[in-house]
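Listed below, chain by chain, are the residues.
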Amino acid sequence: MTILKHELKQSRRSLLIWTGSIGFFILICVFLYPEMKQEMAGISSLFASMGAFTAAFGMDRLDFGTLTGFYAIECGNILGIGGALFASLIGVNILSKEEKEGTAEFLLSHPISRFRLVTEKLLALLAQLVILNAAVFLLSALSLIMIGEEVPWQEISLLHFAFFLVQIELCALCFCISAFLRQGGPGAGMGLAIFMYFLNIIANISKNADFLKYITPFGYAEGADLISSMALDGSMTAAGMGLGIAGILCGYLKYCRKDIR
């Protein structure tokens, strides 16, 4: 597990920064809730009359005046976008950075198979996602306790778990992309995450584009659907996880046969 430990050691600073940033913004949002609570009825009515904008973010199916509705929309967007960008960035750089930084020749000269190399790097990605999500979840729960609200454990646990799956899928797809790159591709990773996010917005606005929810991982992490049904959509989740597994397998096949410069 030398490579796994090395990857975690190398990434500890960026992991700390991303975890702290996402946790901080969620903390701020939660702390704003008591101040806004008294005016939520008016705000909810305002949002409900904004047509396509309301539908785009699921506010037509959530009560923005309740803690769960507020958390799903505000904190959910922070966790969704922030976590997706982090997962995509670490995934798209994990394999390509060896050639970019000129360390591939040194690394592959050791008595270790490429399969083991890729596996340990993949485990390092998963470990980073687990650490980030566990820390953010604890910070979120602590912030809710600090403002004196009863923590809706079931709702926020489901919401955080859904976004964890989103991150795994995006990370897996970017892991596949990384196997094909030679000079790194942070732009490709961030572009994929943002593209998937806007696909979900399009699917929310137009019923004719519902099929897009089976393409974008944000489709099964929609706060309005999760809070109303208290369950993940099985077909969307299965499609997303299947796409992620396909990405991982493709990454293995490509890198294990790749002509490393």
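Just above, that's the structure.
Residues numbered from 1 in each chain as written. Predicted model: local features only at pLDDT ≥ 70, side-chain atom pairs only at ≥ 80, totals over all residues. Heavy atoms only, no water.

Regarding its fold elements, the protein presents 11 helices and zero strands. Going from the N terminus to the C terminus, the protein shows its helices and strands as α-α-α-α-α-α-α-α-α-α-α. Within the protein, the proportion of its 261 residues that are buried is 48%. Long-range contacts, defined as pairs at least 24 residues apart, comprise 77% of the intrachain contacts of the protein with a sequence gap of at least 6. Carbon together with sulfur atoms contributes 67% to the accessible area of the protein, which is approximately 12,600 Å² in total. (Helix = DSSP H or I, 4+ residues; strand = E, 2+ residues; numbered from the N terminus. Buried < 20%, exposed > 50% of the residue type's maximum accessible area, 1.4 Å probe, protein only. Contact = heavy atoms within 4.5 Å. Areas by Shrake-Rupley, 256 points an atom, 1.4 Å probe, with all protein chains shown as cover.)

Tallied over the full model, the rule gives zero disulfides. Considering cysteine sulfurs only, C75 is the nearest to C29, which forms no disulfide, with 4.8 Å between them. Its sulfur unpaired, C171 is 7.1 Å from the next cysteine sulfur, which belongs to C174. (Disulfide = S-S within 2.5 Å.)

The next subject is the packing of aromatic side chains. Enumeration over the complete set of coordinates arrives at eight aromatic pairs. Taking 5.8 Å as the distance between ring centres and 50° as the angle between the ring planes, the aromatic pair formed by W18 and F86 counts as tilted. Taken as a pair, W18 in helix α1 (residues 2-36) and F86 in helix α4 (residues 67-93) lie far apart in primary sequence, 68 residues in all. (Phe/Tyr/Trp six-rings, centres within 6.5 Å; stacked < 30°, edge-to-face > 60°.)

It is worth spelling out the nonpolar core at this point. By size, the foremost hydrophobic cluster in this structure holds 66 residues, and its most contacted members are I26, Y71, L144, L170 and F218. Those elements giving two or more residues to this core turn out to be α1, α4, α7 (114-146), α8 (153-180), α9 (186-205), α10 (223-229) and α11 (234-257). The element that contributes the greatest number of residues to this core is α8, accounting for 14 residues. Sequence-distant contacts of Y71, defined by excluding residues within four places in its chain, comprise I26, V30, G76, S140, L144, I156, L159 and H160. (Core = buried A, V, L, I, M, F, W, Y, C linked by side-chain atoms within 4.5 Å.)

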